Amino acid sequence: METIEHLRQALRIRTDWPGTVPLGNIEAEAPLKQFQDYLEKTYPAFHRVAEQRVLSPYAVVYRWPSNAGTALEGGKNKPVLFLAHYDVVPAEQTKWTVPPFDGELRDGYVYGRGALDMKNTLISLMDAAEELCTQGFSPRREIWFAFGGDEERNGTYGAEKIAQWFASQNLRFEWILDEGGVIAEDQIKDLEKPLALVGIEEKGYLSLELSVAQAPGHASKPPRIQAAAVLARALTRLSKRSFPPRLIPTVERFFIGLAPFAPKKWAWVIRYPRLFFPMLAVLADNMGSDFSAMLRTTVAMTQLEGSAADNVMPSLVRAVINLRLLYPWKVETAVGFIKKTINDDRVVVKIHQLATDPVPATEAQARRVGPGWEALEEAIEEIFPGTAILPYLMTATTDSRHYQTLSEGIFRFAPVCLKKEELARIHGHDERISTKNLESGVQFYIRLFKNA
Ligand SMILES: [Zn+2]
C-alpha cells in the first residue's frame, strides 16, 4: 500500500523543532517548508485539482472545489474543513527501541514520532483525496484542508493565522474535523465494545505562574520566613482544595451512551449519571484519569524553580501550574478560584503564555443532529462496524480552538483503533501505527469525503 511508504517518508522530515522562535528563523522553518514541498510532490492529482495557498512555512491551506458550485440550496453549500498539523513533539532517542525519525516498518507497524500525532492523519487525508482525484471524483460540498506547523507550540503561527485568513475571506464552514478522540479498544476495564469517541467539546487551557519574591543574599543567613516556604504553602493549599466536580451535558450523554455496554455491576450508575453523581465521580476516578478529568477542572503542578546555586538565596521562587478548564469555568473565574484558594498576598499569580476558554458543544452537536454528525456516523459505521459511537469531551486542547468562530460544529476525531498501551505512546516512546489502521484510515476519509 502506497500510504505506508508515504507516511514513512513523512516521518523522516524532522518537524520536531523544540521551542517557539520568531517567524523567519530559517533553521526552524526549513523542515516545515520541506514538508509542504513533500505534499506537493507526492500528491500530483490532488494538486492539479485543488487550489493551494501557503501562508507561511507554518501554514498551508487547500481548497478542493465542489461539483455543485453554489447549487446546493438552503445554506447547505457551506464548505467543510479538515484540520491537521505536521509538526511533532521531540523524541528522547535513547528511550526508543527504534530510531524515532527513520519511519521504520516492523511487524506490521510504522514507527516514528508523529505516527499517531498526527502525520498519519494528514497522510491519510491526502491519500484519500489523491485517490478520489485520480478517479475524477469531485465532492458535493467544497472541501478545505488547513495544515499547521506549530500545533504542539500553541498554533500561533499556524492555526491562529489560518483562522484569521479564513475570517478575512468571510469563509464559514458547515463543520470542521480535527484530531481528538479515537476508537478506543480497551480504554475501560471489563468493557469489550470498541468506542468511537467523537469530541464535540473541548476543555480550556490555562497556565499560571505563582511567584514569591524575597531579598537575595547569602544562604548562611536565611530570613525567618523564606519565599520557598510561602510558595510551598500555596501549592499545598491548592492540592487540598480541588475544583468541584460537575456533570456537563456532553459528559452526561457520554455516560448514558456507554451504559448498554458496561458491566452490570456499574451500568446502573452511568445510566443515570445525574442521579448517582457522587458515585459516578468515585467510579470515574477508578476508571482512570481520562474519565475523572471529564468531571472537573484539573490542576497540574508542572514547573518549580528557585535559586541557580545551592548556596544562594533566590530573589524569586516560582511555580507553574497548568489548568484544564471544564465549562463553565473560564480563564477569569478560574484565576479567581486559585487566588482565593491560595489566599496569600505574598504569592503573585500571573497568566503564563496563551490561555483559552473551554469550547462548549453547540446545541445541534449536543443533540447529535446535523450534517457533521450524519457524515461522521455513516463513515464510522461503514468502516468500523460494531463500534459504539459516543459524544466525548476532549480533555486536551487541539488546534481547532482557534477556529471556533468559523463553524457551528467542530468535531475532534481520528479513525484509528487503539489500545490503551498504544495511546500512551503518543508524546511517549516508540510511537507507532499499525498498517491496518493506516489502511482503514484512508478508507474512512474516502467515505467521509463522499458523505460531506
Ligand atoms: Zn496532535
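Just so it is clear, the model here is predicted, and its values are computed rather than measured.

Caption draft 1: Layout of the overall build of the protein. Helix and strand content of the protein: 15 helices and 17 strands. For 452 residues, the compact-globule formula gives about 22 Å, and the C-alpha radius of gyration of the protein, at 23 Å, lands near that figure. If one aligns the C-alpha atoms of the protein with their principal axes, the spans along those axes are about 80 × 55 × 50 Å. Restricting the contact set of the protein to residue pairs at least 6 apart, pairs at least 24 apart contribute 79%.

Caption draft 2: Examining the sheet that holds strand β14 (residues 348-356) more closely. An order of β11-β13-β9-β14 is seen for the four strands of this open sheet, with the pairing classed as antiparallel. With partners counted over all chains shown, the strands left at the sheet margins are β11 (298-305) and β14, one partner each. Neighbour-to-neighbour, the strand axes of this sheet turn through a mean angle of 20°, independent of strand direction. Sheet contacts for helix α11 (residues 331-342): β9 (204-213), β13 (316-325) and β14; angle to β14, the most-contacted strand, approximately 155°.

Caption draft 3: Expanded view of the packing of helix α1 (residues 2-12) against helix α4 (residues 119-134). Look at α1 against α4: their axes get within 10 Å of each other, and the N-to-C directions meet at 135°. Accordingly, the angle class assigned to the pair α1 and α4 is oblique. Here α1 and α4 pass one another in a crossing that is right-handed. Residue-level contacts link Glu2, Thr3, His6, Leu7, Ala10 and Leu11 of α1 to Lys119, Asn120, Ile123, Ser124 and Asp127 of α4. Here the residues of the contact of α1 with α4 sort into four nonpolar, four polar and three charged.

Caption draft 4: View of the packing of helix α8 (residues 264-271) against helix α9 (residues 277-287). Running from N to C, α8 and α9 cross one another at 125°; their axes reach a closest spacing of 9 Å. The orientation of α8 relative to α9 falls into the category oblique. In terms of crossing hand, the pair formed by α8 and α9 is left-handed. In this structure, α8 contributes Trp266, Val269 and Ile270 to the contact, and α9 contributes Met279, Leu280 and Leu283. When grouped by side-chain class, the residues that make up the contact of α8 with α9 number six nonpolar, no polar and no charged.

Caption draft 5: Layout of the domain arrangement of the protein. If you check the domain split of the protein, you get domain 1 (2-202 + 360-451), domain 2 (204-244 + 296-357) and domain 3 (251-295). A straight line from the C-alpha centre of domain 1 to that of domain 3 covers 29 Å. In this complex, domain 1 contributes 11 residues to the contact, which on the side of domain 3 involves 12 residues. A class-by-class count of the residues in the side of domain 1 that touches domain 3 yields seven nonpolar, two polar and two charged.

Caption draft 6: Broad picture of the environment of Glu422. Summarising the element assignment, Glu422 is placed in helix α14 (residues 420-423). For Glu422, a count of 23 C-beta atoms within 10 Å puts it in the buried group. Linking Glu422 and Leu116, residues 306 residues apart in sequence, is a C-alpha distance of 9.2 Å.

Caption draft 7: Spatial organisation of the environment of Tyr327. As for its position among the elements, Tyr327 is in the loop between β13 and α11. Along the sequence, Tyr327 and Thr297 sit 30 residues apart, while their C-alpha atoms lie 8.3 Å from each other. Once residues lying within four places of it in the same chain are set aside, the contact partners of Tyr327 are Ile248, Pro358 and Pro360.

About the cut-offs
- Residues numbered from 1 in each chain as written.
- Predicted model: local features only at pLDDT ≥ 70, side-chain atom pairs only at ≥ 80, totals over all residues.
- Helix = DSSP H or I, 4+ residues; strand = E, 2+ residues; numbered from the N terminus.
- Rg over C-alpha atoms; globule rule 2.2 N^0.38 Å.
- Contact = placed C-beta atoms within 7 Å.
- Pairing = 2+ DSSP bridges.
- Axes fitted to C-alpha atoms, helices over the stretch in contact; angles between N-to-C directions.
- Parallel < 35°, antiparallel > 145°, perpendicular 65-115°, else oblique.
- Left-handed = near helix turned anticlockwise from the far one by under 90°.
- Nonpolar A, V, L, I, M, F, W, Y, C, P; charged D, E, K, R; others polar.
- Domains from an automatic or database assignment.
- Buried ≥ 20, exposed ≤ 12 C-beta atoms within 10 Å, placed from the backbone.

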